[in-house]
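The residues making up each chain are set out below.
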Amino acid sequence: VVIPAYNAAWSVGRAIDSVLAQDYRDFEIIVVDDGSQDETPKVLADYGDAIQVVRKTNGGLSSARNAGTHAAQGEYVAFLDADDWWLPSKLARQTAVLEAKPNIVFCSTAATVQTPDGHVLNEWRCAMAEGDVLEQIFLANATVAGSGSTVMVKKRALLQAGGFDETLKSLEDIDMWMRLAAHG
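Residues numbered from 1 in each chain as written. Predicted model: local features only at pLDDT ≥ 70, side-chain atom pairs only at ≥ 80, totals over all residues. Heavy atoms only, no water.

**Student:** So what's going on with the packing of aromatic side chains? Residues and values would help.
**Tutor:** With the rule as written, the count across this model stands at three aromatic pairs. Ring geometry for Phe79 versus Phe164: centroids 5.3 Å apart, planes at 85°, classification edge-to-face. With a gap of 85 residues between them, Phe79 in the loop between strand S4 (76-78) and helix H4 (90-100) and Phe164 in the loop between helix H6 (155-160) and helix H7 (172-181) connect regions that are remote in the sequence. Across the pair, Phe164 and Phe79 agree in class, each one buried. Seen in terms of ring centroids, Phe164 and Trp177 are 5.9 Å apart; in terms of plane orientation they differ by 80°. Their pairing is edge-to-face. One end of the pair, Phe164, is in the loop between H6 and H7; the other, Trp177, is in helix H7, and 13 residues separate them in sequence. Residue class for Phe164 comes out buried when judged on its relative accessible area of 2%. Ring pairs connect the aromatic residues Phe79, Phe106, Phe164 and Trp177, which therefore count as one cluster. Across the ring face of Trp85, the terminal group of Arg14 is positioned such that the distance to the ring centre comes to 3.3 Å. (Phe/Tyr/Trp six-rings, centres within 6.5 Å; stacked < 30°, edge-to-face > 60°. Helix = DSSP H or I, 4+ residues; strand = E, 2+ residues; numbered from the N terminus. Buried < 20%, exposed > 50% of the residue type's maximum accessible area, 1.4 Å probe, protein only. Lys NZ or Arg CZ within 6 Å of the ring centre and 35° of its normal.)

In structure tokens:
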């Protein structure tokens, strides 16, 4: 699990706690502190050995995700932005999908969009992928729901696709999903 964090002291604990609450237990948590200037390092220190922290100078979201990917030891990489959190069955369900269907290189879940007080604003669902997934992502950028926090990917495919494009300041996730869809 790769969690990029920049000045995320206000939220990263909730993200980490949601990973620690997963039904599926065979994971490592890598938090990439992307040059935070707030209390993020202190929050991360409180988790001790439960997490691995990669510290780097600020390079942006793509750079942090790539650093976490390179530190990851597992076959799969799941991304979780520091201001998001997961439901307890997320990793178990996505791992089952990837293991049952070897031709799939990444999968995504729906995302619930909420106000800070928990009021549900929207549920962002993935489009049903039939036919050419690359074409669907190209035509509708929201085909993969939830930005990066819903995706689990085979690490080998992510590396073959070249990782996240660090020159992009936005839509880096959609660019990555298109490049992954070209691999499987």
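From this point, the discussion proceeds with the structure in view.
**Student:** So what's going on with the environment of Ala8? Which residues, and what values?
**Tutor:** Topologically, Ala8 is positioned in the loop between strand S1 (2-5) and helix H1 (12-20). Sequence separation of Ala8 and Pro41 is 33 residues, and the distance between their C-alpha atoms is 9.4 Å. Setting aside chain neighbours within four positions, we find Ala8 in contact with Ser36, Asp38, Thr40 and Ala82. (Contact = heavy atoms within 4.5 Å.)

**Student:** Tell me about the pairing of S1, and please be specific about residues and values.
**Tutor:** Residues in a regular strand point their side chains to alternate faces of the sheet. Burial along S1 is two-sided: Val2 and Pro4 facing one way and Ile3 and Ala5 facing the other are all buried. Remark: the S1/H1/strand S2 (residues 30-34) crossover connection has right-handed handedness. (Right-handed = clockwise from strand over helix to strand, strands pointing away.)

**Student:** Explain the pattern of salt bridges residue by residue, including any values.
**Tutor:** If you walk through the whole model with that rule in mind, you get six salt bridges. Put simply, Arg55 and Asp33 hold a salt bridge, and the shortest N to O gap is 3.9 Å. In this pair, Arg55 sits in strand S3 (residues 52-56) while Asp33 sits in strand S2, placing the two residues 22 residues apart along the sequence. The residue Arg65 makes a salt bridge to Asp81 at a minimum N-O spacing of 3.0 Å. Of this pair, Arg65 sits in helix H3 (residues 61-71) while Asp81 sits in the loop between S4 and H4, and the two are 16 residues apart along the sequence. Asp81 carries the same exposure label as Arg65, and that label is buried. (Salt bridge = Lys/Arg side-chain N within 4 Å of Asp/Glu carboxyl O.)

**Student:** Requested: an account of H3, with residues and values cited.
**Tutor:** Burial analysis of H3 places eight of its eleven residues in the buried class, which makes it a mostly covered element. Within H3, the full set of buried residues consists of Ser62, Ser63, Ala64, Arg65, Asn66, Gly68, Thr69 and Ala71. Where H3 is buried, its residues contact S1, S2, S3, S4, H6 and H7.

**Student:** Can you tell me about the side chain of Thr95, naming the residues and giving the values?
**Tutor:** Here Thr95 lies in helix H4. Residue classification places Thr95 among the buried positions, given a relative accessible area of 4%. In terms of polar contacts, Thr95 uses its side chain to reach the backbone carbonyl oxygen of Leu91, at 2.8 Å. Discounting chain neighbours no more than four positions away, the residues touching Thr95 are Tyr24, Tyr76 and Met152. (Polar contact = N/O pair within 3.5 Å; in protein donor to acceptor, adjacent residues only side chain to side chain.)

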